[in-house]
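# Coordinates in review
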Amino acid sequence: MTDTPSRPLRAMNVMTGPVIAGVAPKQQSIVVEHAAAFATAAGLPLVCAFVDVTVYPVDGTTGGPMAPIDPDGVDEDAEPIPASLEASIAEQLAGSGVDWSLVALAGEPAHALARLAGEIGASLIVVGSREHKMGSTVREMTGGSVARQLLHRQDGPVLVVPVDPRVPGER
């Protein structure tokens, strides 16, 4: 006898919602490449989501008003999405044929990505793993990785793309 899952399983042939790619400035291009490949293969749009951790969503929604965490540190000329990030993604996806968009989110990255996924009925969330640097290691020890947090609070599939894989015995 097989137990019936409490939530529907999503497979490639029944994916209907967009693919979300968590993006950040200076991020390895492999994350967007994998997300675009999945979106293209499934015939779905790609939503690139940039999460600004210096602001929070006032009403708890993804696209709603945002307020700065530190009002004294507000840069009046700050862009919701860095122009360099938008240009980089546009260049990377040029000619790919994937229908894509870029959205700005606020707050803690895993919460923001999970909230967006629920709101738009995402089929898949794609994020990169942490790079092997001292600062990344310290941040992961204190707050955990976005990927790990998503795996514990997201009910849909999450693809974690290794951005700096290490093979045992190397480095």
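Before going into details, it helps to say that this report is about the structure given with it. Not measured: the values here are computed from a predicted model.

A few words now on the sheet that holds strand 5 (residues 100–106). The strand order across the open sheet built from 5 strands is 5-2-1-6-7, with neighbouring strands paired in parallel fashion. The sheet terminates laterally at strand 5 and strand 7 (158–161), the two strands that pair on one side only. With direction set aside, neighbouring strand axes in the sheet form an average angle of 25 degrees. Packing of helix 2 (residues 83–93) onto the sheet brings it into contact with strand 1 (19–23), strand 2 (46–52) and strand 5, and relative to strand 5 it is tilted by some 155 degrees. Packed onto the sheet, helix 3 (residues 109–120) meets strand 1, strand 2, strand 5 and strand 6 (124–128) and runs at close to 145 degrees relative to strand 2.

Before going further, it helps to spend a moment on the nonpolar core. Ranked by size, the top nonpolar core spans 23 residues in total, and within it Val19, Val23, Leu46, Ile89, Leu93 and Val126 carry the most contacts. Looking at this core element by element, the count peaks at 5 residues for helix 1 (residues 30–42). Every residue in contact with valine 19, bar those within four places of it in the chain, is listed here: Ala35, Phe38, Ala39, Leu44, Pro45, Leu46, Val47, Leu124 and Val126. In terms of nonpolar packing, the next biggest core, distinct from the first, is built from 17 residues, Val47, Ala110, Leu113 and Ala122 among them.

What follows covers helix 2. Within helix 2, the full set of buried residues consists of Leu85, Ile89 and Leu93. Along the axis of helix 2, the buried positions cluster into a sector of 50 degrees, meaning they face one direction only. Turned more than 90 degrees away from the buried face of helix 2 sit Ser84 and Glu91, all of them exposed. Looking at the packing, one finds that the buried side of helix 2 touches strand 1, helix 1, strand 2 and strand 5. Trailing helix 2 by a residue or two, glycine 95 shows a phi angle of about 80 degrees, which is positive.

The rules we used
- Along each chain, residue indices are assigned from 1 in the same order as the chain's sequence is written.
- Confidence filtering applies because this is a predicted model: local features only for residues at pLDDT of at least 70, side-chain atom pairs given and counted only at 80 or more, and all residues used for totals across whole chains, interfaces and linings.
- To get the side-chain values, all heavy atoms of the structure are used, and hydrogens and water are removed first.
- A pair of strands is treated as paired once DSSP finds two or more bridges between them.
- Only runs of H or I of at least four residues qualify as helices and only runs of E of at least two qualify as strands under DSSP, and these elements are numbered from the N terminus.
- Orientation is described by axes fitted as lines to C-alpha atoms, over the contacting stretch for helices, and by angles from 0 to 180 degrees between their N-to-C directions.
- Residue contacts are defined here by distance: any two heavy atoms, one from each residue, within 4.5 Å place the two residues in contact.
- Here, the term nonpolar core denotes a set of buried Ala, Val, Leu, Ile, Met, Phe, Trp, Tyr and Cys residues that are joined through side-chain atoms within 4.5 Å.
- Any residue under 20% of the maximum accessible area for its type is buried, any over 50% is exposed, and the rest in between are partly exposed; the area is computed with a 1.4 Å probe on protein chains only.
- Here, the arc refers to the directions that run from the helix axis to the C-beta atoms.

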